[in-house]
Amino acid sequence: MNEHSVLIVEDNPTLRRLLEYRIGKHYDVRAAEHGEEALEFVETRAPDLIISDIMMPKMDGFALLKALRRNERTATIPFIFLTAKSDEASRAKGLSTGIDDYITKPFDIDYVLARVEQIIQRSQVYQTKLNARIGRDFSDRLMPKTMPREEGYRALFFSQPKEDGGGDLFDWVQLTDGSYLFTIGDIMGKGLQAKFYAFSFLSYIRSTIHAMLGSTVSPATLMRRVNAMLIQDQVLEETFASLLLLRWEPARDRVTYCNAGHCRPILVGLQGAGIIDYSDLILGLDPQTEFTDKAFTIPPGSALLCYTDGLNEQVTKSGQQFGEAGVALSASEALQAPQPIKMLLESMLERSADAHFADDILAFWLQRDAD
Amino acid sequence: MSFTIQKATPTTAVVRVGKALDFRNAADFKASCQEHTRAGTRYFVLDFSGTGILDSTGLGVIFSLYRQLTPIGGQVVFASVSRPVQVVVQLTRTYKVFRQFPTVEAAYDALERSPAAGRATGAAPTGTA
């Protein structure tokens, strides 16, 4: 059964039932006796397509179409006239109103069905394309165009959003004391909604950081504020996010971080990789959550890798997820490479079941030069 | 849709999550749980035995349920947590919020005995017989 819905508007009960029965085999169908009733139905739930007679009591097909087109919410619902008015003048009048088809009675039900399918499919394609475009636009805005430049370090970033992916976000800002604050996060959920929330959420984080930096540079203090916002804010009420805030002081080779349930960073050194293991609860769940700052030093020749769950949830040839250990293994292989992130991803894809990453991927690589 | 929800008492429901809770069935899961909440369920035991996939959308609807129940004195607990689910729970540190039990029965017993459960049912007798 197709989940798309079709509204039939026909005053003749026999014909109405026939259409209801035949089209109902393929679509979720409702049937109205005239234009007025059709408008009531549309008010409660907009169908994916309307098939309407022209001559009907109370409100005819032309009046119905006009009423639908006047309302922004219903103006684009695909519309087919199914009518006994087979004269050219009526056909011309019908087609001039911008409908999708004009079918005259007696009609071939299979032809009607074929047209319904074509029209619904085409409007779905447009919708999907539009969503993809909006999604890409959001994704672009969620990612930085430049990276910090500091002597003795390389700061690299890569992201590859999927159209149906989630809401990954990354941002950085330089503070007045010469340190940097990095934001890496993932809004739970998939698709356009997650991307939209990621977008609003990132704007909020930016302004929170901006407003609070005068009084604190503590990632944990910022995190507490962001958590309180996620829980109180009406729009973001159902939003949960993992977030990693990192303050990097290049002069001291030091990173202070607070991790709210995000993928744990990996510190890759010549002697192997280790997980930066402390983390707190994910955001948006509990107003009482305590967040703690932790700090570590980046040794010479080591690199810090931060990422989102597209990496660790990627599936290996053996059918298991990479997990932290799997990502760490590829990260170790990438340490000496001229393009570490590229190497990391290539190494992972070599071990993956698929030739591509299944989800959004995002990687931030901060490498300190060897002495 | 792989989950099933079974009412164990007027206030407790056991949800057998099944093979997967992800972006495909998360909306159904949410709607079903909400229906039970409206009908008076305050305690949900989520049985994760055999659950291979719990993605972020799936985890999100469990969080929604938690957010919805906490203010009204309800609880969400986990039972028979499978390895893949354990990984997600570890990563998001949500074991701090959701109590875990080895079996549905153990979870059920703990909820039955918990003083919070007694308070929430209001008319429940105090003390032991």
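Here is what the cut-offs are and how they apply
Residues numbered from 1 in each chain as written. Chains lettered and ligands numbered in written order. Predicted model: local features only at pLDDT ≥ 70, side-chain atom pairs only at ≥ 80, totals over all residues. Heavy atoms only, no water. Helix = DSSP H or I, 4+ residues; strand = E, 2+ residues; numbered from the N terminus. Buried < 20%, exposed > 50% of the residue type's maximum accessible area, 1.4 Å probe, protein only. Areas by Shrake-Rupley, 256 points an atom, 1.4 Å probe, with all protein chains shown as cover. Core = buried A, V, L, I, M, F, W, Y, C linked by side-chain atoms within 4.5 Å. Domains from an automatic or database assignment. Axes fitted to C-alpha atoms, helices over the stretch in contact; angles between N-to-C directions. Parallel < 35°, antiparallel > 145°, perpendicular 65-115°, else oblique. Left-handed = near helix turned anticlockwise from the far one by under 90°. Contact = heavy atoms within 4.5 Å. Nonpolar A, V, L, I, M, F, W, Y, C, P; charged D, E, K, R; others polar. Salt bridge = Lys/Arg side-chain N within 4 Å of Asp/Glu carboxyl O. Buried area = accessible area lost by both parts, 1.4 Å probe. Polar contact = N/O pair within 3.5 Å; in protein donor to acceptor, adjacent residues only side chain to side chain.

Here the focus is the overall build of chain B. Summing up its helical and strand segments, chain B has 5 helices and 7 strands in all. Ordered by position from the N terminus, the helices and strands of chain B form the series β-β-β-α-β-β-α-β-α-β-α-α. Here chain B holds 129 residues, and 50% of them are scored as buried. Of the roughly 6200 Å² of accessible surface on chain B, a fraction of 56% belongs to carbon and sulfur atoms.

Ranked by internal contacts, the top residues of the largest apolar core, which has 48 residues, are A:Phe170, A:Phe201, A:Leu243, A:Leu246, A:Leu283, A:Leu304 and A:Phe364. Sorting elements by how many residues they give to this core places helix H6 (residues 191-212) of chain A first, with 7 residues. Among the nonpolar cores identified, the runner-up in size contains 33 residues, and A:Leu281, B:Tyr66, B:Val76 and B:Val88 belong to it.

Let us now look at the domain arrangement of chain A. Under the domain assignment used here, chain A contains domain 1 (5-136) and domain 2 (142-368). If you average the C-alpha positions of domain 1 of chain A and of domain 2 of chain A, the two centres end up 49 Å apart.

All names here are of chain B. Closest axis-to-axis distance for the helix H1 (residues 26-38)/helix H2 (residues 56-69) pair is 9 Å, and the angle between their directions is 15°. On the basis of the axis angle, H1 is roughly parallel to H2. Here H1 and H2 pass one another in a crossing that is right-handed. Counted together, Ala26, Phe29, Lys30, Cys33, Gln34 and Thr37 of H1 and Thr57, Gly58, Val61, Ile62, Ser64, Leu65, Gln68 and Leu69 of H2 form the full contact between these two elements. A breakdown of the residues in the contact of H1 with H2 according to their chemical character gives 7 nonpolar, 6 polar and 1 charged.

Residue and element names in this part refer to chain A. Scanning the model with the defined rule gives 17 salt bridges over all chains in all. Asp110 is paired through a salt bridge with Arg22; the nearest N and O atoms lie 3.3 Å apart. Taken as a pair, Asp110 in helix H5 (residues 109-141) and Arg22 in helix H1 (residues 13-24) lie far apart in primary sequence, 88 residues in all. Classification of Asp110 by relative accessible area gives partly exposed; the value is 48%. Close ionic contact of Glu249 with Arg252 constitutes a salt bridge, the shortest N to O distance being 3.1 Å.

Another aspect to go through is the interface of chain B and chain A. As a measure of interface size, the accessible area lost when the parts come together is often cited. Taken residue by residue, the interface counts 17 residues in chain B and 23 residues in chain A. When chain B packs against chain A, close to 1700 Å² is buried across both sides, 56% of that on carbon and sulfur atoms. Area buried by chain B at its contact with chain A is led by B:Arg67, B:Leu91 and B:Arg93, which between them contribute 40% of it. Between the two partners, chain B and chain A, sit 1 salt bridge. Between A:Asp280 and B:Lys96 there is a salt bridge, and its shortest N-O distance comes to 3.7 Å. Counting across the interface, chain B meets chain A through 6 residue pairs in polar contact (both at pLDDT 80 or more). Considering each element in turn, the side of chain B that touches chain A owes the most residues, 8 residues, to H2(B). Along the lines of polarity and charge, the residues of the side of chain B that touches chain A split into 7 nonpolar, 6 polar and 4 charged.

All names here are of chain A. On the secondary structure map, Leu19 appears in helix H1. The exposure class of Leu19 is buried, given its relative accessible area of 1%. When near neighbours in sequence (up to four residues on either side) are disregarded, Leu19 contacts Ile8, Gly24, Leu82, Phe107 and Ile109.

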